[in-house]
Amino acid sequence: MVGIFLLLPSFAYAALTSSPATATRVAAVPPLAEWVASQGGDVSVVQAADAAQLGVGLVAARAVRRGDRLLSVPEELAITAESALRSELLGAYLVEFEPYLADYSFIAVALLNEERLGEQSSLAPWLSSACWQVEQHDLPLLWPSDDQAELEQSTAAPCVERRLAAQADYE
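The written sequence of each chain sets the order in which its residues are numbered from 1. Reporting in this predicted model follows two pLDDT cut-offs: at least 70 for local features of residues, and 80 or more for side-chain atom pairs to be given and counted; totals over whole chains, interfaces and linings ignore these cut-offs and use all residues. The basis for the side-chain values is all heavy atoms of the structure; hydrogens and waters are excluded.

**Notes on the environment of Thr 80**
- Looking at the secondary structure, you find Thr 80 in the loop between β4 (71–73) and α3 (81–86).
- C-alpha separation for the pair Thr 80 and Ala 108, spaced 28 residues apart in sequence, amounts to 9.3 Å. Going along the chain from the N terminus, every DSSP run of H or I of four or more residues is numbered as a helix, and every run of E of two or more is numbered as a strand.

Pasting the structure below:
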């Protein structure tokens, strides 16, 4: 099991405005949560909430204490570098690949493969869910040049190096 400890305080949503797209994604969470539970996960402690510009957040469905497990997802439902390398279809190709971004590249290739499989993917309920389907993924690599330049001024992350490494892995 992969334990996830993520909780956004309910008061954080008060000043945010909602969007129809986010409301659709929030409504798609209960069936997805049922699927995770049917696969051995536990999502009974949290529920989805509209965090407006921030997307979909999770809030506690009951009182919780520090250290409580808020949700768990079976490892079979997680895409990891190890699962990509163990894949019958991808493993032989990935084992020879030395990406600059290490595990991130393996995970990206595995995710693209699962999306390519469509309904044949064991992750199809997640990948076809409105929770996953967004109009545009908010990734720094897809940001306009001006926004990337502003992010590159940050000392919090090596953005320039990661962008160059992603380009090298792609090539």
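**Concerning the confidence of the model for the chain**
- Here the chain averages 80 in pLDDT, and 82% of its residues register 70 or above.
- The low-confidence segment residues 1–16 (pLDDT under 50) makes 43 contacts with residues lying over four places distant or belonging to another chain. Per-residue confidence from the predictor is given as pLDDT, running between 0 and 100. Residue contacts follow a heavy-atom distance rule, with two residues in contact if any of their heavy atoms lie within 4.5 Å.

**Here we look at the packing of helix α7 (residues 145–152) against helix α8 (residues 159–170)**
- Throughout, an axis means a line fitted to C-alpha atoms (over the contacting stretch in the case of helices), and angles, computed between N-to-C directions, take values from 0 to 180 degrees. As a packed pair, α7 and α8 sit with axes 8 Å apart at the nearest point and diverge in direction by 130 degrees. Of the possible angle classes, the one that applies to α7 and α8 is oblique. Side by side, α7 and α8 meet where Gln 148, Leu 151 and Glu 152 of the first sit next to Cys 159, Val 160 and Arg 163 of the second.
- The residue classification treats Ala, Val, Leu, Ile, Met, Phe, Trp, Tyr, Cys and Pro as nonpolar and Asp, Glu, Lys and Arg as charged. All others, Gly included, are polar. Among the residues making up the contact of α7 with α8, the classes are represented as three nonpolar, one polar and two charged. Any angle that is under 35 degrees is reported as roughly parallel, and any over 145 degrees as roughly antiparallel; angles of 65 to 115 degrees are reported as roughly perpendicular and all others as oblique.

**As for the environment of Phe 97**
- Inspection of the secondary structure puts Phe 97 in the loop between α4 (91–94) and α5 (103–117).
- Residues Phe 97 and Asp 169, spaced 72 residues apart in sequence, show a C-alpha to C-alpha distance of 9.2 Å.

**Some details on the nonpolar core**
- What makes a nonpolar core is a set of buried Ala, Val, Leu, Ile, Met, Phe, Trp, Tyr and Cys residues whose side-chain atoms join them at distances within 4.5 Å. Each residue is assigned to one of three classes by its accessible area relative to the maximum for its type, calculated with a 1.4 Å probe on protein chains only: buried under 20%, partly exposed between the two thresholds, exposed over 50%. Counting 28 residues, the largest nonpolar core has Trp 35, Val 36, Leu 71, Leu 77 and Leu 123 as its most contacted members.
- Those elements giving two or more residues to this core turn out to be α2 (29–38), β2 (46–50), β4, α3 and α5.
- No other element matches the five residues that α2 contributes to this core.
- The split of the chain into domains comes from an automatic or database domain assignment. Of the domains in this structure, domain 1 (17–63) and domain 2 (78–131) are the two that each give at least three residues to this core.
- If sequence neighbours within four positions are ignored, Leu 123 has contacts with Trp 35, Glu 76, Leu 77, Ile 79 and Glu 114.

**Here's the deal with the packing of aromatic side chains**
- Geometry of aromatic contacts follows a simple scheme: Phe, Tyr and Trp rings, the Trp one being its six-membered ring, pair when their centres are within 6.5 Å, and the pair is stacked under 30 degrees between planes, edge-to-face over 60, tilted otherwise. Scanning all chains against the criterion turns up one aromatic pair.
- Ring centres of Phe 97 and Phe 106 lie 6.3 Å apart, and the angle between their planes is 75 degrees; on these two criteria the pair is classed as edge-to-face.
- What makes Phe 97 partly exposed here is its relative accessible area of 28%.
- For Phe 106, a relative accessible area of 8% gives the class buried.

**Let's talk about a negative patch on the surface**
- Distance thresholds for patches are 9 Å for like charges and 5 Å for nonpolar side chains (Val, Leu, Ile, Met, Phe, Trp, Tyr), applied to residues having over 30% relative accessible area and no salt bridge. All accessibility values rest on the Shrake-Rupley procedure with a 1.4 Å probe; residue burial counts only the protein chains present in the view. Counted as salt bridges are all cases of a side-chain nitrogen of Lys or Arg within 4 Å of a carboxyl oxygen of Asp or Glu. In this tally Asp and Glu are treated as negative and Lys and Arg as positive; neither His nor the chain ends contributes. To locate a charge, take atom NZ for lysine, CZ for arginine, CG for aspartate or CD for glutamate. Among the surface-exposed residues, Glu 75, Glu 76, Glu 82 and Asp 103 lie close enough to one another that they form a single negatively charged patch.
- Owing to a relative accessible area of 40%, Asp 103 belongs among the partly exposed residues under this scheme.

**So, the packing of helix α1 (residues 20–27) against α2**
- Contact geometry for α1 and α2: axes closest at 5 Å, N-to-C directions at 30 degrees. By the criterion of interaxial angle, the relationship of α1 to α2 is roughly parallel. Facing α1, whose interface residues are Arg 25, Val 26 and Ala 27, α2 presents Val 29, Pro 30 and Pro 31.
- Taken together, the residues of the contact of α1 with α2 sort by class into five nonpolar, no polar and one charged.

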